[in-house]
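A closer look at the structure
Now for the letters of each chain:
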Amino acid sequence: MKILLTADWHLGKVFEQSQVNFSLYGEHERILERIVKIADDEKVDAVVIAGDIFDSYNPPNEARSLFNRTLVELSQAGERPVIVISGNHDSPEGLASIKPFSERSGIFIHHLPGVEILSQDYRSKNFYARSSGNWLNIEFVTGETVTFYLLPYVSETRLNESFSGYTLFDKALSYNEKLQALISEPSPFEQDHLILVSHIFAEKGILGGSEKTLILGSSFTFEVERIPKDFSLVFLGHLHMQQQIDERIFYPGSIFPMNVREIKNSPAKSVSIFELHDGGFERHIVEVVPGDYVRVVSLETIEEALRLEDSGGLIFIEVKSPLTSQTGLSEVVRKFRGRLLGITFGSTGDFEDDYFGQIDPSTLTDRDLFTEFFKRQTGKEPDEELVRIFLEILNEVRNEAG
Ligand SMILES: [Mn+2]
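Described in the following lines is the structure provided in the data block. Small disclaimer: the values here were computed from a predicted structure and weren't measured.

Helices and strands together make up the secondary structure of the protein chain, namely twelve helices and 17 strands. For 402 residues, the compact-globule estimate of 2.2 N^0.38 gives 21 Å, and the protein chain sits close to it at 22 Å. Principal axes of the C-alpha set define a box for the protein chain whose edges measure 70 × 50 × 35 Å. Out of the 402 residues belonging to the protein chain, those deemed buried represent 38%. Once local pairs closer than 6 in sequence are excluded, the contacts in the protein chain between residues at least 24 apart make up 66%.

Here you go:
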C-alpha cells in the first residue's frame, strides 16, 4: 500500500514581510497540480493532508475553491481515500462545512477530536471506510487494511470542552498527558497498519521559520515518547521543514517557503511517499519546489540588482544601503515583474532577532502586539488610523464575548 503525505499548504497566504503584497496563490495552484500528478504517477492508494490547509480562519474564496478542486482530483471520483485533519491555522468549523459532501466522495475530514469522523460508512469499488470516534479504518479490495488515529490540532480549551464528561479526563492532567490518554486508547478495528496523524510540534523538531507558536498547556512541544508503540508510523503537520524525528515519525514539511527565513533554511519543498508492507515501510520524497526556484539575495546597492542574472524563479532582495534611487527601484520592479517576493532597504528582511521569540507576548499591550504583527506580515509600520480601527474592533469583540 502506498500513501502520499503532505501538510502545511497555507492556502490564501501572502508572503510575509513582502511590501509588494505577493500572493502565493499562483504558486499554490501549480504546486497542487503537481501533487495531484505525483499521486497519479506513483499510483498511491491514499492521500493524507496533516493540517494547516489554509493560512487563516477566513481564507479568500479563491483559496477555498483551489482546495475543493484539489480534493476532488486527489480522490479520483471517490475511488482513492483522501484524509484531512485541521491544523492550528484552520478554522475547524470552516473545514467541517464541506463534510456532508466530502464524506460521500471518499474525502474524510476530521476537524475536532471527539466528533465522529463519518456519519455513515463509505463504500466505493476500491475500498470500504468506517469510523469510530477518532479512528478511521479503511479496507481495500485487495484485502489490505489500515487504521488511522486522527488527532487534529486542538487548543486546550477546546479539548476540555469536547471531552467534558469524558471519564478519561482528569482536569489535573497536563495537555501532553491528555493527548497521550487519547492516543493510548486501543484501536477498535483490526488492521495491517496503524498510523497516527496529527498537527503538533514534536519534541526535537526543527522550525522552518514561519510557524506560529503552539502552546500546549505549559509546554511548547509534544513529548514523542508518549506515542504508543502500536503505531508503526506517525504523520505530522506543523513544522515547515521536511524532517524525520525518529524511525517512525515524519514531517513532510510545507509546500512553499513563506518568509525570508524559510527560504534561507529550506527553499526546496516536497511531499513524502510511504510504501507499506508486512513488517515495515519505505519512504521517498518527491520535490514540488526545487531548491533553486526561490532565492534571497543580499546586495550593497539597488544598482547591483539590475545586473543580477535572472534565473526565472522567485526572488527576495535585501539591499544593505538605504533607498536612494527611486528610478533604480522601478527598474528592478520591472525587471522581476511578477516574481519579486519583496525588497528591503537598510536592513535585512529577515527578523534575525525574533521579536516574539524573545519577548513574552503576555507582557505587551494590544497596540504593541498588533504593531509587531503588522510589521512582521507586511514589512512596514501600520498607520495610526489602522491601529485605532483595530483596537476599536478588538474592544467590541471583547465586550461581546463578555
Ligand atoms: Mn503550518
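What follows covers the packing of helix α1 (residues 25-41) against helix α2 (residues 61-75). Two elements in contact, α1 and α2, have axes separated by 10 Å at closest approach and are oriented at 10 degrees. Relative to α2, the element α1 is oriented roughly parallel. Between α1 and α2, the contacting residues are Y25, H28, E29, L32, V36 and A39 on the first element and E62, L66, T70, E73 and L74 on the second. Tallied by class, the residues present in the contact of α1 with α2 amount to six nonpolar, two polar and three charged.

Reading across the sheet, the eight strands line up as β5-β6-β7-β8-β9-β10-β12-β11 and stay open at both edges, with mixed pairing between neighbours. Only two strands of the sheet have a single neighbouring strand rather than two, namely β5 (122-123) and β11 (243-246). Examined bridge by bridge, strand β9 (residues 193-199) and strand β10 (residues 233-237) share five bridges and lie parallel to one another. Within the sheet, the bridge partner assigned to I195 lies in β10 and is L233.

What follows is about the nonpolar core. One finds V48, I83, V84, V197 and F235 to be the most contacted residues of the largest nonpolar core, which totals 91 residues. Those residues in contact with V84, other than ones at most four positions away along the chain, are I49, I53, L95, I107, F108 and I109.

Let's shift gears to helix α6 (residues 175-183). Residues three or four positions apart in an α-helix share a direction because the helix packs 3.6 residues into each turn. Residues of α6 that are buried include every one of K178, L179 and L182, and no others. When α6 is viewed along its axis, its buried side chains cluster within an angular range of 95 degrees and face the same direction.

So, about α2. When the terminal C-alpha atoms of α2 are compared, their 21 Å separation across 15 residues agrees well with the 21 Å that a helix rising 1.5 Å per residue should span. Among all positions in α2, only A63, L66, F67, T70, L71, L74 and S75 are buried. The buried residues of α2 occupy one face: seen down the axis, they fall within an arc of 155 degrees. Set apart from the buried face of α2 by more than 90 degrees, the exposed residues are N61 and S65. In this fold, the buried residues of α2 make contact with α1, β2 (46-50), β3 (82-85), α4 (99-102) and β4 (107-110).

With respect to topology, six strands assemble into an open sheet ordered β4-β3-β2-β1-β13-β14, the strand pairing being mixed. This sheet does not close on itself; its edge strands, each paired only once, are β4 and β14 (280-289). In this sheet, adjacent strand axes meet at a mean angle of 20 degrees when their direction is disregarded. Of the pairings in the sheet, the one linking β3 to β4 comprises four bridges and is parallel in character. Residue I83 lies in a different strand from β4, and its bridge partner there is F108. Sheet contacts for α1: β1 (2-6), β2, β13 (269-277) and β14; angle to β14, the most-contacted strand, approximately 145 degrees. Against the sheet, α2 makes contact with β2, β3 and β4, and its axis sits at roughly 145 degrees relative to β3, the strand it touches most.

Looking now at the pairing of β10. Counting buried residues in β10 gives five out of five residues, a clear majority hidden from the surface. Both faces of β10 are covered, namely the face carrying L233, F235 and G237 and the face carrying V234 and L236.

The rules we used
Residues numbered from 1 in each chain as written. Predicted model: local features only at pLDDT ≥ 70, side-chain atom pairs only at ≥ 80, totals over all residues. Helix = DSSP H or I, 4+ residues; strand = E, 2+ residues; numbered from the N terminus. Rg over C-alpha atoms; globule rule 2.2 N^0.38 Å. Buried ≥ 20, exposed ≤ 12 C-beta atoms within 10 Å, placed from the backbone. Contact = placed C-beta atoms within 7 Å. Axes fitted to C-alpha atoms, helices over the stretch in contact; angles between N-to-C directions. Parallel < 35°, antiparallel > 145°, perpendicular 65-115°, else oblique. Nonpolar A, V, L, I, M, F, W, Y, C, P; charged D, E, K, R; others polar. Pairing = 2+ DSSP bridges. Core = buried A, V, L, I, M, F, W, Y, C linked by C-beta atoms within 7 Å. Arc of directions from axis to C-beta. Expected span 1.5 Å × (residues − 1).

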